[in-house]
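Results of the structural survey
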Amino acid sequence: MMDAIAKEIEHRKNYLFGTADTNILDTIYFGGGTPSLLNASDFEIIFAALSLNYKWNPDTEITLECNPDDVTEEKLMLWKKYGVNRLSIGVQSFIDNHLLTMNRSHNAAMAIHAVELANKCGIENISIDLIYGLPDLSPADWQANLKTAEQLPINHISCYALTIEERTALSHFVKTKKINIPTDEIVITQFKELVDWAMNNNFDHYEISNFCRVGFHSRHNSNYWSGKNYIGIGPSAHSYNGHSRQWNIANNNAYIDSVTNSKPYFEAETLTQENKYNEYVMIHLRTKAGVDILQLQQQFGKEYTSHFEKKIAAYVTQNQVVVMQNNYALTMEGKLFADAIAGDCFVEV
Ligand SMILES: C[S@@+](CC[C@H](N)C(=O)[O-])C[C@H]1O[C@@H](n2cnc3c(N)ncnc32)[C@H](O)[C@@H]1O
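Everything numeric here is computed off the predicted structure, so don't read it as measured data.

About the cut-offs
- What you see as residue numbers is a count from 1 along each chain, following the sequence as written.
- Restriction of local features to residues with pLDDT of at least 70 applies here, the model being predicted, together with a cutoff of 80 or more for giving and counting side-chain atom pairs; totals for whole chains, interfaces and linings are based on all residues.
- Neither water nor hydrogens contribute to the side-chain values; these are computed over all heavy atoms in the structure.
- Salt bridges are identified by distance alone: a Lys or Arg side-chain nitrogen within 4 Å of an Asp or Glu carboxyl oxygen.
- Only DSSP runs of H or I with at least four residues qualify as helices, and only runs of E with at least two residues qualify as strands; both kinds are numbered from the N terminus onward.
- Partly exposed describes any residue whose relative accessible area lies between the buried limit of under 20% and the exposed limit of over 50%, with all areas from a 1.4 Å probe on protein chains only and scaled to the type maximum.
- Strand pairing requires that DSSP identify at least two bridges connecting the strands.
- Note on handedness: a crossover is taken as right-handed if, strands pointing away from the viewer, the path from the first strand over the helix to the second is clockwise.
- Working definition: residue near molecule or strand if any one of its non-hydrogen atoms lies within 4 Å of it.
- Polar contact is the term for a pair of N or O atoms within 3.5 Å; when the atoms are in protein, one must be able to donate a hydrogen and the other to accept it, and sequence-neighboring residues count only if both atoms are side-chain atoms.
- A 1.4 Å probe and the Shrake-Rupley method give the accessible areas. Residues count as covered only by the protein chains that appear here.

Re the pattern of salt bridges
Within the structure shown, the criterion is met by 12 salt bridges. The partner of Glu279 in a salt bridge is Arg245, with the nearest N and O atoms 2.5 Å apart. With Glu279 in helix H11 (residues 273-285) and Arg245 in strand S9 (residues 244-248), the pair connects residues that are 34 residues apart, well separated along the chain. In this structure Glu279 comes out as partly exposed when scored by relative accessible area, which is 26%. For Arg245, a relative accessible area of 12% translates into the label buried. Linking Asp257 and Lys263 is a salt bridge whose minimum nitrogen-to-oxygen distance equals 2.5 Å. Salt bridges sharing common partners tie together Asp26, Asp59 and Arg219.

Let's talk about the pairing of strand S5 (residues 156-161)
Sheet analysis places strand S4 (residues 125-132) next to S5, joined by 6 bridges and oriented parallel. Bridging across to S5, Ser127 finds its partner in His156. Regarding topology, helix H6 (residues 139-150) serves as the crossover connection from S4 to the parallel S5, and that connection is right-handed. Bridge count between S5 and strand S7 (residues 210-212): 3 bridges; the pairing is antiparallel. Across the sheet, the residue bridging to Ser158 is Asn210, located in S7.

Focus: the site of the ligand
Around the ligand, 14 residues are found, and the nearest of them are Gly33, Gln92, Arg104, Asp129 and Thr163. Contacts to the ligand include Gly33, whose backbone N or O atom sits 2.7 Å from a nitrogen atom. With respect to the ligand, the backbone of Thr163 contributes an N or O atom lying 2.9 Å from a nitrogen atom. Protein chains bury 73% of the 540 Å² of accessible surface belonging to the ligand in isolation. Residue assignment for the shell around the ligand shows that the elements contributing at least two residues are strand S3 (86-92), S4 and S5.

Rendered as structure tokens:
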């Protein structure tokens, strides 16, 4: 897999910046799956390919998603050696029986230790992921999770409402009523408690699922949310260059076989103006700043802008959207219906 990834890096070296060789990478993001499983020789292969085809500097944000049970001093030294300066640690919960339900291979003590060890080893930019809307997550449990997070040396937190993915054990247990998932009301209450907690603990709610201390927003994800170009390397990775989107085949073996034997390994779609406008509205409405009407006009022109203004007006009246100078942003109530409100502002494709 590493050799195939290195080959794809070489093969697509002009995707982001064309042939210009002056460009510096703003961010590098190791996501997955579980990149924290990679060992020293894996990193050597990837970074050797990256350094042959890209430039970056100490200011480049290099994030690695890791599972707590993979965080050791040895791994932290390895990640730091390759310039990793931000960790996204998949904690999910600080309650052991919930981690068992989620079939996670770490417990709460290991999660706390992972964060503290990473900080002790000099990684200041640490984010943790938590999941709410879990079966049996009581209000006290959720408060306890947030209380524990508050006491840790973290500067960023991503909180996701549990989604039941098709073809997973969880979806089977839910379908066969072996597991009961909480009502929407309970999930909404947990989201509201999270937003209150963030406000009381100086975490800026800069995107629906993301909260950070000042200066610690995820640059990589913020680039997604402001429509910047990116290249995705590896199985099922997505890339975007402003006018088309492409995605690699998802199956590991098929990806390795196709890349190694120079066979087609991705599909692509050319984005229409309608596609681009709909995506613009969706990703920007999920951010704290919302949609900047001047930027929208500049990028899409009068017709799209007046369509947006006509559609969003109803939500302003219902206090689900607030207008701040040129920006239309979701209120707390609006955040609960972010995708529905965005969808209503879409144009037909
Ligand atoms: C790209 S995943 C990271 C993959 C990670 N190795 C893992 O084990 O989930 C990013 C985050 O998505 C969240 N996540 C994973 N499965 C989820 C689910 N079914 N519902 C909600 N969030 C989920 C977790 O918080 C996870 O840390």
